[in-house]
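Residue strings, one per chain:
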Amino acid sequence: MAFTQQQIDELNAKFAEATPKEIISWAIANAKKAVVTTNFRPYEVAILSAVVEVEKEIPVIWCDTGYNTPNTYKHAEQLIADLGLNVKLYVPQQTSSHRDVVMGIPGIDDPKHAEFTEQVKLEPFRRAMKEHAPDVWFTNLRKGQTALRDSLDVLSLSKDGVLKVSPFYHYSDVQLDAYLEKRNLPNEHKYFDPTKVLENRECGLHT
């Protein structure tokens, strides 16, 4: 699936008022190989349930840093079972216990923070994308999360030319809460991302 920026702009205008299911159905119909990525953070259940409703067997790439909270792991297990997710798990090449001894979790101003982020998130993600080689990548990016994400839209291109599809891009937390409540979907807010520290920081996957 290859689009010019003009085509993407035109499609974004078309999809501005579309439902997540309409956006997902269009992307699946036009994809050669689609994946959805998740870290089981708050509101991830929305994108996961919406995508598998359209394509049950879609690969669900989970790059687990090894530092998730017990709540997140329990939430992940519940969603995997309830939604029948086709999870493809990717983990760092070094265990968190080993890293805790030699590096710990560096602060964002520590020179080791970039290496830490590379180890626990970026390398596993690149490995996953190389193995699956998708042309469509479903994400739960939303407007208002970071300055970078405010510059994107429902459709955007990754730096590798993969079409990123964010069906809930225009949804606020309030709208997502209503979406989950209507469908009786569980949410979990006790989540920790060791690469971000601050909620409005990018980790590098979308830059």
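Cut-off values and rules
Residues numbered from 1 in each chain as written. Predicted model: local features only at pLDDT ≥ 70, side-chain atom pairs only at ≥ 80, totals over all residues. Heavy atoms only, no water. Helix = DSSP H or I, 4+ residues; strand = E, 2+ residues; numbered from the N terminus. Rg over C-alpha atoms; globule rule 2.2 N^0.38 Å. Buried < 20%, exposed > 50% of the residue type's maximum accessible area, 1.4 Å probe, protein only. Contact = heavy atoms within 4.5 Å. pLDDT = per-residue confidence, 0-100. Phe/Tyr/Trp six-rings, centres within 6.5 Å; stacked < 30°, edge-to-face > 60°. Lys NZ or Arg CZ within 6 Å of the ring centre and 35° of its normal. Axes fitted to C-alpha atoms, helices over the stretch in contact; angles between N-to-C directions. Parallel < 35°, antiparallel > 145°, perpendicular 65-115°, else oblique. Left-handed = near helix turned anticlockwise from the far one by under 90°. Nonpolar A, V, L, I, M, F, W, Y, C, P; charged D, E, K, R; others polar. Core = buried A, V, L, I, M, F, W, Y, C linked by side-chain atoms within 4.5 Å.

### Thoughts on the overall build of the protein
Across its full length, the protein holds eight helices and six strands. Overall, the protein shows an N-to-C arrangement of helices and strands of α-α-β-α-β-α-β-α-α-β-α-β-β-α. The C-alpha atoms of the protein give 17 Å as radius of gyration, which agrees with the globular expectation for 207 residues (17 Å, within 12%). With respect to the three principal axes, the spread of C-alpha positions in the protein is 50 × 35 × 30 Å.

### What about the environment of Trp-137?
Of note, Trp-137 is situated in strand β4 (residues 136–138). For Trp-137 and Leu-85, which are 52 residues apart along the polypeptide, the C-alpha to C-alpha distance reads 16 Å.

### Describing helix α3 (residues 44–54)
For α3, the buried fraction is high: nine of the 11 residues fall into the buried class. Glu-44, Val-45, Ala-46, Ile-47, Leu-48, Ser-49, Ala-50, Val-51 and Val-52 are the residues of α3 that are buried. Those residues of α3 that are buried are in contact with α2 (20–30), β1 (34–38), β2 (59–63), α4 (70–83), β4 and α8 (173–182).

### Concerning the confidence of the model for the protein
Here the protein shows a mean pLDDT of 90. Residues at 70 or above account for 90%. Within the model, the stretch residues 199–203 combines pLDDT values under 50 with 17 contacts to residues more than four positions away or in other chains.

### Things to note about the packing of aromatic side chains
Tallied over the entire structure, the rule returns eight aromatic pairs. Plain terms: the ring middles of Trp-62 and Tyr-73 are 6.2 Å apart, the flat faces sit at 50° to each other, and that makes the pair tilted. Of this pair, Trp-62 sits in strand β2 while Tyr-73 is found in helix α4, placing the two residues 11 residues apart along the sequence. When the ring of Phe-125 is compared with that of Trp-137, the centres are 5.2 Å apart and the planes differ by 45°; the resulting orientation is tilted. Of the two residues, Phe-125 sits in helix α6 (residues 113–132) while Trp-137 sits in strand β4, which places them 12 residues apart along the sequence. Its relative accessible area of 10% is what places Phe-125 among the buried residues. Through a chain of ring-to-ring contacts, the aromatic side chains of Phe-40, Trp-62 and Tyr-73 assemble into a single cluster. Taking the ring centre of Tyr-43 as reference, the NZ or CZ of Arg-142 above it sits at 5.2 Å. A cation over a ring is seen here: Arg-183 above Tyr-179, with NZ or CZ 3.6 Å from the ring centre.

### Focus on the packing of α2 against α3
For the pair α2 and α3, interaxial distance at closest approach is 9 Å and the crossing angle is 50°. By the angle between their directions, the pair α2 and α3 is classed as oblique. Considering the relative orientation of α2 and α3, their crossing is right-handed. In this structure, α2 uses Lys-21, Ile-24, Ser-25 and Ile-28 to contact α3, whose residues at the interface are Ala-50, Val-51, Glu-53 and Val-54. The residue makeup of the contact of α2 with α3, split by class, is five nonpolar, one polar and two charged.

### Some points on the nonpolar core
Leu-48, Phe-138 and Leu-155 are the most contacted members of the largest nonpolar core, which totals 41 residues. If one sorts the elements of this core by residue count, α3 sits on top with seven residues. In this structure Leu-155 touches Ile-8, Leu-11, Asn-12, Phe-15, Trp-26, Leu-163, Lys-164 and Val-165, once residues within four positions along its chain are discounted. Cys-63, Tyr-90, Phe-125 and Ala-128 belong to the second largest nonpolar core, which has nine residues in total.

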